[in-house]
Amino acid sequence: MAITDIDEYAHLTEEDIENLGAELAQIRKDIEESRGEKDAQYVRRVIAWQRGLAAAGRASLFFSNYKPAWLAGTAMLSVAKILENMELGHNVMHGQWDWMNDPEIHSMSWEWDNTCPSVQWKHSHNFVHHKYTNIVGMDDDVGYGILRVTRDQPWEWWNVGNTFYNLLLGTFFEVGVALHHVEVAKLREKKKTWRQAFKDLRIIGQKVGKQAAKDYLIFPVLAGPNWKSTITANFTSNIIRNYWSYMVIFCGHFPDGAEKFTMEEYEDEDQARWYLRQMLGSANFHAGPVMRLMSGNLSHQIEHHMYPDLPSNRYEEIAVRVRDICERYDLPYTTGSLMNQYWQSFRTIAKLAVPNAMLKATSDDAPETASELRFAILEGMNSHFGVDPATGKRRGLRTALRELKNAPVRAAN
């Protein structure tokens, strides 16, 4: 099962968690106090780049009957759509730039180039997902209502299509994002009525109509005789954007080490433990400046989950301090290459297409599902953790996981 006691799982005392929370809160305070013109110039520069690429891409597609123009226009439009969704739309709607008091770059006014209406996204993502991150049964991002991504989700016969649903979701990710607010899982469980769902769908339908008209009617008509090739270019750009967004999001949520939690754990959660849950429930991937920009700085998903409303261009700076905290408290900092993180996510999705009885490991100690019970196989283990009085060095979760890996005995299924 998922983690029910985050203190025990993290091998931290009450005092440890209080101090950890204070250090993480200080990071927020420092960044908030240091925001300024340099940050404002950054986001305005990205907006200018994005709009320039979009305009150049659209202009090239007026000549899309020529293959070089089609390729150049499609490439520029794809990058523009990725930048708008990842570094601009997603982050602006989180309120990362509200402190500028610029009505054009504000969470209340930004409507992104996506089929999901911003008003619905800000509820299903900003509120639900970021408040209840990785809590099974509360966070709809745990599988998006169609994927089985943890053994805590009971297996049902239709889960055999897990890998197919995954491919479908990646291909039409913007549609999946739009339908996210409909809450398919709650409809299946009859926790939400179809009347409520149809109300959401009407709002989605209006946004889908606007997006479709822009990409598949207005710009093709403007292209005149090249309308067919313009449609294919626009469709290709949307698919490229979909696959990239999907990969970035999955690499931050479903690799090994991005833990899941129970509602029981959440009941007594304070701010410090919220920080800790975000840290243990997220994963990063290695990225240079260009990759960070193209991923909306979600290569730093750990930092984003802890500070979703701080400017994304500061995550690299924040990460230095977060890694230091993880080192001192002997906590894991889950990261890896983009392809490694995605492979682990895909492997989990493929594995969980079958019932737990057909899988190796246990429901408490599998790569994709863990709980504090995974340490029960090491008798007296907890008594060995804390600060070593001789060295002053902490022995915590990272050491526990390493010793567990090397343990000669495994718990029975």
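Our structure's up above, just so we're on the same page.
Residues numbered from 1 in each chain as written. Predicted model: local features only at pLDDT ≥ 70, side-chain atom pairs only at ≥ 80, totals over all residues. Heavy atoms only, no water.

1. Re the packing of helix α10 (residues 227-253) against helix α16 (residues 338-351)
Okay, step 1: The contact between α10 and α16 brings their axes to 9 Å, and the two run at 80°. By the angle class used here, α10 and α16 are roughly perpendicular. For the pair α10 and α16, contact is made by Trp-244, Tyr-246, Met-247, Phe-250 and Cys-251 and by Leu-338, Gln-341, Tyr-342, Ser-345 and Ile-349, respectively.
Okay, step 2: For the contact of α10 with α16, the residue count by class is eight nonpolar, two polar and no charged. (Axes fitted to C-alpha atoms, helices over the stretch in contact; angles between N-to-C directions. Helix = DSSP H or I, 4+ residues; strand = E, 2+ residues; numbered from the N terminus. Parallel < 35°, antiparallel > 145°, perpendicular 65-115°, else oblique. Contact = heavy atoms within 4.5 Å. Nonpolar A, V, L, I, M, F, W, Y, C, P; charged D, E, K, R; others polar.)

2. Re the pattern of salt bridges
Okay, step 1: By the definition in use, this model includes 31 salt bridges.
Okay, step 2: Here Glu-174 ties to Arg-241 by a salt bridge, and the two come within 3.1 Å at their closest N and O atoms. Of this pair, Glu-174 sits in helix α7 (residues 173-180) while Arg-241 sits in helix α10, placing them 67 residues apart in sequence. Comparing Glu-174 with Arg-241 shows no difference in burial state: the two are buried.
Okay, step 3: Measuring nitrogen to oxygen at the nearest pair gives 3.1 Å for the salt bridge that ties Arg-398 to Asp-330. (Salt bridge = Lys/Arg side-chain N within 4 Å of Asp/Glu carboxyl O. Buried < 20%, exposed > 50% of the residue type's maximum accessible area, 1.4 Å probe, protein only.)

3. Topic: the packing of aromatic side chains
Okay, step 1: Evaluated as defined, the whole model comprises 19 aromatic pairs.
Okay, step 2: Between Trp-97 and Trp-99, the aromatic rings sit 6.4 Å apart at their centres with planes inclined by 40°, giving tilted as the arrangement.
Okay, step 3: Residue Trp-97 is classed as buried on the basis of its relative accessible area of 0%.
Okay, step 4: On the basis of an interplanar angle of 35° and a centroid distance of 5.7 Å, the ring pair of Trp-194 and Phe-198 is categorised as tilted. (Phe/Tyr/Trp six-rings, centres within 6.5 Å; stacked < 30°, edge-to-face > 60°.)

4. Describing the state of the cysteines
A covalent bond bridging the sulfur atoms of two cysteines is what the word disulfide describes.
Okay, step 1: In this structure the tally under the stated criterion is zero disulfides.
Okay, step 2: Considering cysteine sulfurs only, Cys-251 is the nearest to Cys-326, which forms no disulfide, with 19 Å between them.
Okay, step 3: Cys-326 sits in the buried class, given a relative accessible area of 1%. (Disulfide = S-S within 2.5 Å.)

5. Focus on the nonpolar core
Okay, step 1: Core analysis: the largest hydrophobic core is formed by 45 residues, its most contacted members being Val-43, Trp-97, Ile-105, Trp-110, Trp-112, Phe-173 and Phe-250.
Okay, step 2: Mapped onto this core, the elements with two or more residues apiece are α3 (37-60), α4 (67-93), α7, α9 (194-222), α10, α13 (289-294) and α16.
Okay, step 3: Of all hydrophobic cores here, the second largest spans 38 residues; its members include Ile-6, Leu-20, Trp-274 and Ala-400. (Core = buried A, V, L, I, M, F, W, Y, C linked by side-chain atoms within 4.5 Å.)

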